[in-house]
Amino acid sequence: MPPGGPPPPPFVHGQPVYLQIPARDIPTSARFYAEVLGWSVDPPDSGFEAPGLIGQWITDRAPVPDAGPVMWMHVADVVHTLEAARRAGAVLRDGPTPDGPRVLGSFSDPAGNLVGVAAHDDRAPAESEKTAESEAPPPASSRISVMLIVPDADAAVAWYRRALGADVLWDLGGVAGLEVGGAPFFLHEANPDNPAEDSPDRVGQTSVRIEVFVAGPDALIARAVAAGATPGSPVTEHELPWGTHRQGGFQDPFGHRWSVGDASPLHGHTG
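Anyway, here's the lowdown on the structure attached to this text. Given the structure is predicted, the values throughout are model-derived calculations rather than measurements. (Residues numbered from 1 in each chain as written. Predicted model: local features only at pLDDT ≥ 70, side-chain atom pairs only at ≥ 80, totals over all residues. Heavy atoms only, no water.)

Points about the nonpolar core
A general feature of soluble globular proteins is that nonpolar side chains tend to end up buried together.
Consideration 1: The biggest cluster of nonpolar side chains holds 27 residues, and the ones touching the most others in it are Ile21, Phe32, Tyr33, Trp39, Trp57, Met71 and Phe107.
Consideration 2: Mapped onto this core, the elements with two or more residues apiece are α1 (26-37), β3 (47-50), β4 (53-58), β5 (71-74), α2 (78-87) and β8 (114-120).
Consideration 3: In terms of residue count, the dominant contributor to this core is α1 (five residues).
Consideration 4: Of all hydrophobic cores here, the second largest spans 26 residues; its members include Leu148, Ala156, Ala166 and Leu220. (Core = buried A, V, L, I, M, F, W, Y, C linked by side-chain atoms within 4.5 Å. Buried < 20%, exposed > 50% of the residue type's maximum accessible area, 1.4 Å probe, protein only. Helix = DSSP H or I, 4+ residues; strand = E, 2+ residues; numbered from the N terminus.)

Below, the structure written as structure tokens:
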């Protein structure tokens, strides 16, 4: 009988029920899969239990980094799983990448096996549900943010930290989440295979402007310029229905335009 006992019935013809995973060091692989995917392990035993599947780690077969079948597993959140895998010792390979109703990602586990992870929608809504959803207002918890395409993600993360004081929420290597003053934004390294998504400095134009609201716009603009940004509009006073709004701007080294002003538009009204 395989380690861990038989998988739970019912069985379906063609259903995978047992999995052997090559490992260089069984305790290391066991800890990795327990930490990243929550599999039940019992070191020093080589067996594991995963949802709907049992198996064992083996050392008499070479890991498979770039050939043969790829093991894909459903996860609740691909971004968080990739970050957990990186912290646990994986080498990130791809993603997070939208794929229809799925989000995909992949990594090499500590032994070198290529592993895929996918987050799936539980169900596709019926056409009537789609219409109702499209007409309904967004939930109160909805948030809008921006994804900035940059030529070098590591360099961009370092620059935004230095120039804007950004905090790094997560960094998957090539894709990162940052935050300035509680407002999140995201970076994605340009993909040469997707010319539709390239950084403004390479295509020579941008139609998007990122707005930042701070107590002192002069100081933040000066900090960005000192770090290598190109000065934009100087800080100017604009008379608006709710009062005076001070705003200036800069262009970052990757071609993105930023406007920096006081926070009055966030709570302004016309009376």
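Let's talk about helix α6 (residues 217-226)
Consideration 1: Among the residues making up α6, those that are buried are Pro217, Leu220, Ile221 and Ala224. All buried residues of α6 project into a common sector of 100° when viewed along the axis, lining one side. In α6, the exposed positions that point more than 90 degrees away from the buried face belong to Ala219 and Ala226.
Consideration 2: Positive backbone phi, at 120°, marks Gly228, one or two positions downstream of α6. (Arc of directions from axis to C-beta.)

Remarks on the sheet that holds strand β6 (residues 91-99)
Consideration 1: The mixed open sheet is built from four strands, whose spatial order is β5-β8-β7-β6. A strand with exactly one partner marks an edge of an open sheet, and here the two such strands are β5 and β6. With strand direction ignored, the average angle separating the axes of adjacent strands in the sheet is 20°.
Consideration 2: Looking at chain direction, strand β7 (residues 102-108) and β8 are connected through seven bridges and run antiparallel. When the bridges of β8 are listed, Arg102 appears paired with His120. (Pairing = 2+ DSSP bridges. Axes fitted to C-alpha atoms, helices over the stretch in contact; angles between N-to-C directions.)

Re the packing of aromatic side chains
Consideration 1: Considering all chains together, one arrives at 14 aromatic pairs under this definition.
Consideration 2: Plain terms: the ring middles of Tyr33 and Trp57 are 5.9 Å apart, the flat faces sit at 40° to each other, and that makes the pair tilted. Here the residue Tyr33 occupies a position in helix α1, and Trp57 occupies one in strand β4, the gap between them amounting to 24 residues. Of the two residues examined, Tyr33 and Trp57, each falls in the buried class.
Consideration 3: When the ring of Tyr160 is compared with that of Trp258, the centres are 5.8 Å apart and the planes differ by 50°; the resulting orientation is tilted. On the criterion of sequence distance, the pair formed by Tyr160 in helix α4 (residues 153-164) and Trp258 in strand β17 (residues 257-261) is long-range, its members being 98 residues apart.
Consideration 4: Aromatic rings pair up to connect Phe32, Tyr33, Trp39, Phe48, Trp57 and Phe107 into one cluster. (Phe/Tyr/Trp six-rings, centres within 6.5 Å; stacked < 30°, edge-to-face > 60°.)

Quick look at the sheet that holds β4
Consideration 1: Across the sheet, four strands lie side by side as β1-β4-β3-β2; this open sheet has mixed pairing. Only two strands of the sheet have a single partner each, and these edge strands are β1 (18-22) and β2 (40-41).
Consideration 2: Where β2 and β3 come together, two bridges link them in antiparallel fashion. The residue bridging Val41 from the neighbouring strand is Phe48, located in β3.

Re the pattern of salt bridges
Consideration 1: Per the stated rule, a full pass over the model turns up six salt bridges.
Consideration 2: In this structure, the salt-bridge partner of Glu83 is Arg86, at a minimum N-O distance of 2.6 Å. Separated by three residues within a single helix, Glu83 and Arg86 lie in helix α2, roughly one turn from each other.
Consideration 3: Residue Asp218 is joined to Arg246 by a salt bridge in which the shortest nitrogen-to-oxygen separation is 2.8 Å. With a gap of 28 residues between them, Asp218 in helix α6 and Arg246 in strand β16 (residues 243-251) connect regions that are remote in the sequence. (Salt bridge = Lys/Arg side-chain N within 4 Å of Asp/Glu carboxyl O.)

Let's talk about α2
Consideration 1: By the criterion of burial, α2 is predominantly enclosed, with seven of the 10 residues buried.
Consideration 2: Residues of α2 that are buried include every one of Val78, Val79, Thr81, Leu82, Glu83, Ala84 and Ala85, and no others.
Consideration 3: Against the buried residues of α2 lie α1, β6, β7, β8 and β10 (167-171).
Consideration 4: Residue Gly89 follows α2 closely and has a positive phi angle near 115°. (Contact = heavy atoms within 4.5 Å.)

By themselves, these observations are geometric and do not establish any function.
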